[in-house]
Amino acid sequence: MATDRPRRAGRASSRLAADLEQFGARIERLRMTVAAIAVTAVLLVAAVLWLGRAFSVDPTRRAVDELTVPGWAAVSVADETYGSRWCLGECRVRMRTWTSEGTVDDTAREYWQAILNAGWIPADPETCVGGAGEEGCYTRDELYLELWVVPVDCGDRYELCVGAEVTAVVAAQAALPRLAEEHRAE
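Residues numbered from 1 in each chain as written. Predicted model: local features only at pLDDT ≥ 70, side-chain atom pairs only at ≥ 80, totals over all residues. Heavy atoms only, no water.

1. Describing the overall build of the chain
Within the chain, the secondary structure is distributed over four helices and six strands. In the chain, the succession of helices and strands from N to C terminus is α-α-β-β-α-β-β-β-β-α. Here the chain holds 186 residues, and 27% of them are scored as buried. Long-range pairs, those at least 24 residues apart, make up 56% of the contacts in the chain with a sequence separation of at least 6. (Helix = DSSP H or I, 4+ residues; strand = E, 2+ residues; numbered from the N terminus. Buried < 20%, exposed > 50% of the residue type's maximum accessible area, 1.4 Å probe, protein only. Contact = heavy atoms within 4.5 Å.)

Below you can see the structure in the form of structure tokens.
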């Protein structure tokens, strides 16, 4: 019996405890890695969606969509667009026409207020292309907006005809020479 070594109490349990502690640390690192990957993925998806919207929504469309007027001042809407939004060959021009149930003066007042509320600044009158019922031209950032409000065209002269037609032309300021040329040709 003298040759028997005394057993160390807890040696196997110490090893087991160390193994469990090491295993627990691995699990914790794995959890943190998964959480970091999930947060990074969510942030990347949000960034891609935000940048995708910024690159996919045309600034001229965004500009006319920001004009908020009462329902009676925008009963129906029609859009006409031509040109490239990156001004390749020809700059983007958007013409949006609304039909209003109000008088020309009331409608013009509402749109004028909506334009100013959306951050547009009255432009130099010499840069205005001009047109019938012109209510003014405005600039904001790299964009130009011109607004026309005219009485609605009634087909039957015996019919009571009240209303207005509003046309907003929104374009990059680089398109102004082309717009002025088209207006002179009309």
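Text resumes after the structure shown.
2. What to know about the nonpolar core
The biggest cluster of nonpolar side chains holds 19 residues, and the ones touching the most others in it are Leu67, Ile115, Trp120, Leu145 and Leu147. Of all the elements in the fold, those that place two or more residues in this core are helix H2 (59–65), helix H3 (104–117), strand S5 (143–151) and strand S6 (164–172). Among residues more than four places away in sequence, those in contact with Leu67 are Trp98, Ala114, Ile115, Ala118, Trp120 and Leu145. Val93, Val129, Cys137 and Trp148 belong to the second-largest nonpolar core, a separate cluster that totals 14 residues. (Core = buried A, V, L, I, M, F, W, Y, C linked by side-chain atoms within 4.5 Å.)

3. Topic: the pairing of strand S2 (residues 93–100)
Side-chain positions along a regular strand alternate between the two faces of the sheet. Relative to S2, strand S1 (residues 76–82) runs antiparallel, the two sharing seven bridges. Directly across from Asp79, in S2, lies its bridge partner Arg96. Note that S2 and S6 share eight bridges and pair antiparallel. Paired with Thr97 across the strands is Thr167, a residue of S6. (Pairing = 2+ DSSP bridges.)

4. Examining the packing of aromatic side chains
Within this structure, the stated rule accounts for one aromatic pair. Here Trp98 and Tyr111 contribute two aromatic rings whose centre-to-centre distance is 4.9 Å and whose plane-to-plane angle is 45°, an arrangement assigned as tilted. Here the residue Trp98 occupies a position in strand S2, and Tyr111 occupies one in helix H3, the gap between them amounting to 13 residues. Residue classification places Trp98 among the buried positions, given a relative accessible area of 4%. Judged by relative accessible area, which is 1%, Tyr111 ranks as buried. (Phe/Tyr/Trp six-rings, centres within 6.5 Å; stacked < 30°, edge-to-face > 60°.)

5. A look at the confidence of the model for the chain
Confidence in the prediction for the chain averages 81 pLDDT; 83% of positions are at 70 or higher. Of all helices and strands in the chain, the one with the weakest mean pLDDT is helix H4 (residues 176–185) (67), whereas H3 scores best (92). (pLDDT = per-residue confidence, 0-100.)

6. Remarks on the environment of Trp86
Turning to its location among the elements, Trp86 is positioned in the loop between S1 and S2. By relative accessible area, Trp86 is classed as exposed at 57%. Counting along the chain gives 86 residues from Trp86 to Ala172, while the straight-line C-alpha distance between them is 9.3 Å.

7. Describing H3
Here H3 is 14 residues long and its end C-alpha atoms lie 20 Å apart, about the 20 Å a rise of 1.5 Å per residue gives. Listed in full, the buried residues belonging to H3 are Thr107, Ala108, Tyr111, Ala114 and Ile115. Along the axis of H3, the buried positions cluster into a sector of 130°, meaning they face one direction only. H3 presents Asp105 and Asn117 as exposed residues on the side facing more than 90 degrees away from its buried surface. A positive phi of about 95° marks Gly119, the residue just after H3. (Expected span 1.5 Å × (residues − 1). Arc of directions from axis to C-beta.)

8. Quick notes on the pattern of salt bridges
Counted by the stated rule, this structure contains seven salt bridges. With its nearest N and O atoms 3.4 Å apart, the salt bridge here joins Asp65 to Arg61. In this pair, Asp65 and Arg61 both sit in helix H2, four residues apart, roughly one turn of the helix. The residue Arg96 makes a salt bridge to Asp65 at a minimum N-O spacing of 2.8 Å. Of this pair, Arg96 sits in strand S2 while Asp65 sits in helix H2, and the two are 31 residues apart along the sequence. Judged by its relative accessible area of 40%, Asp65 is partly exposed. Among the charged side chains, a salt-bridge network with shared partners connects Arg61, Asp65, Asp79, Arg94 and Arg96. (Salt bridge = Lys/Arg side-chain N within 4 Å of Asp/Glu carboxyl O.)

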